[in-house]
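Structural characterization, general
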Amino acid sequence: MNHAIILAAGKGSRMKTDTPKCAVELFKKPMVEYIVDALDKIEIDKKICVVGHKSEVIEGILGDRVEYAYQDVQLGTADAVKRAISLICGDGYSLILPGDTPLIDDEILAGITRYHKESKNDFSIGTIYLDNPTGFGRIIRDGTGNIASIVEEVDATNIEKDIKEVNTGIYCIENKMLIETLHLIRCNNNKSEYYLTDLVKLLASKAKVGSYLIKDTYKVMGINDLYSLSLVEESLKRVINKKHMINGVTIVNPDTVMISPDVKIESGAIIYQGSIIMGKSYIAKGCHIGPYSDIMNSIIEENSICRQSVVYDSIIKCNATVGPFAHLRMNSIVGENDRIGNFVEIKKSTLGTKTNVAHLTYIGDAICGDEVNFGCGTVTVNYDGKNKFKTKIGNRVFIGCNSNLIAPINIGSDVYIAAGSTINQDLIDEDFAIARVRQIVKHNYSNKYGYKKSKL
Ligand code: UD1
Ligand code: MG
């Protein structure tokens, strides 16, 4: 059987975060999830993830997409692999991957396994060349150019530190060879850890060991601290933005725009500066996004505009205008040709077509029809301090400014609600409702009341 073993038990002390390192997010997605996504695209019989420090966090992210091996005390990368040995069965190979190298993609994984098989290697090591190799294990070659060992930064001599070919921590190894050799690794080094890299020394003389050079270095830069995270994020941002621009998406001031790898954007869309588009979002042609919009797991259909707004887990249908300063969340759907203006929040609600919510309005847990006009300051009062209730609104309803619709409530079609009303009884089709105290006017009374006009 061919296996993948992801090493994700480490605390990541150099990150200085509460979150275990492999769960730290890159473009709002945990590092380790990228690796499993890449593994899903290649043929592999079994995926094993070694967890340890705050294992429940990694398990929460990956669920049943992998099998788990547990390393309670983090004694080094070789010890981590040892924990997975009982899950390895039969002939075949194991792809061993560090959980802190999120941009390993299916191309690299397929590349190293193909190389491993074609070269009939026992052990293949993914390497890269770096101008600044600080922090990485250096590849030591013998007089004939074969790999003799890997030396970690903390154990390296000054001459070894100058070597620019480094270990990516990505390996492909025959299962039999791995099981036979792993227990021979000792921890006699400056970190007193069991280094997986010591496999090289142990195997070099008796097995076929080779290296696979990876060209896209940014994809295999292990992330050990928040600075290296930002460098990888920066490289990824540039590659992604370039891909979209080449595909016909206009990105204004691309240095300021962050689009995560799973986002799809049709040519003809315009993304303005400062926008963040994450998760599994989809932006159709003719859309104008931003400046400064924050979109996550949302679909924006053709020719819609979303300026300076936050849109999470929602859909904006064709030709709609959202923002500036609107907030859509939790499976909200804005209908075709709708207009959502400033300081409007829409939560878990669906709007029909040609509906206007132009300013200062909260719509929560509501289903609303077509051509409805929400006056400025309308509130669906969906929460009584204990439970949430639903609001239903028909078509062509006019809701005057500053109205409260106290849920649960049903409002029919062609209803007119006067401004300033607090509606707590259902209304049927064509009703007119006014629910506010009558105005009292006392002519020439303001002086008597004691009101002094300003002298200015
Ligand atoms: C490791 C390699 C180094 C390589 C670099 C590439 C070793 C000894 N060194 O160094 O040669 O250049 O990766 O990025 O392997 N982990 C465990 N349990 C442990 C220790 C680590 O699961 O006891 C996991 C970590 O969570 C991490 C991965 O293994 O995902 C690599 O560990 P890390 O401490 O980051 O190793 P590096 O110092 O980066
Ligand atoms: Mg690392």
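These numbers were taken from a predicted model, which means no experiment stands behind them. (Residues numbered from 1 in each chain as written. Chains lettered and ligands numbered in written order. Predicted model: local features only at pLDDT ≥ 70, side-chain atom pairs only at ≥ 80, totals over all residues. Heavy atoms only, no water.)

Observations concerning the environment of Asn121
Tracing the sequence through the fold places Asn121 in the loop between α4 (106-118) and β7 (123-129). Among the residues examined, Asn121 registers a relative accessible area of 4% and is labelled buried. Along the backbone, Asn121 and Gly210 are 89 residues apart, and their C-alpha atoms lie at a distance of 6.6 Å. With residues near it in sequence (within four places) discarded, Asn121 still touches Tyr115, His116, Glu174, Lys208 and Gly210. Side chain to side chain, Asn121 and Ser124 meet in a polar contact 3.0 Å long. (Helix = DSSP H or I, 4+ residues; strand = E, 2+ residues; numbered from the N terminus. Buried < 20%, exposed > 50% of the residue type's maximum accessible area, 1.4 Å probe, protein only. Contact = heavy atoms within 4.5 Å. Polar contact = N/O pair within 3.5 Å; in protein donor to acceptor, adjacent residues only side chain to side chain.)

Considering the site of ligand 1
Every one of the 24 residues lining ligand 1 counts as a neighbour, but Leu7, Gln71, Gly76, Glu152 and Asn167 are closest to it. Within the contact set of ligand 1, a nitrogen atom lies 2.7 Å away from a side-chain nitrogen or oxygen of Gln71. Gly137 places a main-chain nitrogen or oxygen 2.9 Å from an oxygen atom of ligand 1. When ligand 1 sits alone it has 760 Å² of accessible area, and the protein chains cover 92% of it. Broken down by secondary-structure element, the contributors of at least two residues to the shell around ligand 1 are β1 (3-8), α3 (77-84) and β10 (165-174). Classifying every residue of the shell around ligand 1 by side-chain character gives eight nonpolar, twelve polar and four charged. (Near = heavy atom within 4 Å. Areas by Shrake-Rupley, 256 points an atom, 1.4 Å probe, with all protein chains shown as cover. Nonpolar A, V, L, I, M, F, W, Y, C, P; charged D, E, K, R; others polar.)

Observations concerning the side chain of Thr101
Note that Thr101 resides in the loop between β6 (93-98) and α4. Those residues in contact with Thr101 that lie beyond four places of it in its chain are Ile35, Thr168, Lys219, Val220, Met221 and Gly222.

Examining the coordination of the magnesium ion (ligand 2)
Note on metal geometry: ideal angles are 109.5 degrees for four donors arranged tetrahedrally and 90 or 180 degrees for six donors arranged octahedrally. At 2.1 to 2.3 Å from the magnesium ion (ligand 2) lie its protein donor atoms, namely Asp100 (OD) and Asn224 (OD1). With Asp100 in the loop between β6 and α4 and Asn224 in the loop between β11 (209-213) and α8 (226-246), the pair connects residues that are 124 residues apart, well separated along the chain. Accessibility classification places Asp100 together with Asn224 in one group, the buried group. (Donors = N, O, S within 2.8 Å, 3.2 Å for Na, K, Ca; no water.)

Some points on a nonpolar patch on the surface
On the surface, a cluster of nonpolar side chains totalling about 410 Å² of accessible area is made up of Phe398, Tyr416, Phe432 and Ile434. On the secondary structure map, Tyr416 appears in strand β37 (residues 416-417). (Patch = residues over 30% accessible without salt bridge, like charges linked within 9 Å, V, L, I, M, F, W, Y side chains within 5 Å. Salt bridge = Lys/Arg side-chain N within 4 Å of Asp/Glu carboxyl O.)

Focus: the nonpolar core
Judged by nonpolar contacts, the single largest core of 58 residues is most densely connected at Ile265, Ile277, Ile283, Ile289, Ile316 and Ile340. Broken down by element, this core gets its largest block of residues, four residues, from α8. Two domains share this core, each providing at least three of its residues, namely domain 1 (3-220) and domain 2 (226-433). With 33 residues, the next largest nonpolar core counts Val66, Leu109, Ile214 and Val220 among its residues. (Core = buried A, V, L, I, M, F, W, Y, C linked by side-chain atoms within 4.5 Å. Domains from an automatic or database assignment.)

Comments concerning the domain arrangement of the protein
It is common to give the size of an interface as the accessible area lost on bringing the parts into contact. Domain assignment breaks the protein into domain 1 (3-220) and domain 2 (226-433). Summarising the inter-unit geometry, the C-alpha centres of domain 1 and domain 2 are found 43 Å apart. Counting residues at the interface gives twelve residues for domain 1 and 18 residues for domain 2. Here domain 1 meets domain 2 over a buried area of about 1300 Å², counting both sides, of which 73% is carbon and sulfur. Between the two partners, domain 1 and domain 2, sit two salt bridges. For Asp294, the salt bridge is made with Lys28, and the minimal N-O distance between the two is 3.6 Å. Our count for the contact surface shared by domain 1 and domain 2 stands at three residue pairs in polar contact (both at pLDDT 80 or more). (Buried area = accessible area lost by both parts, 1.4 Å probe.)

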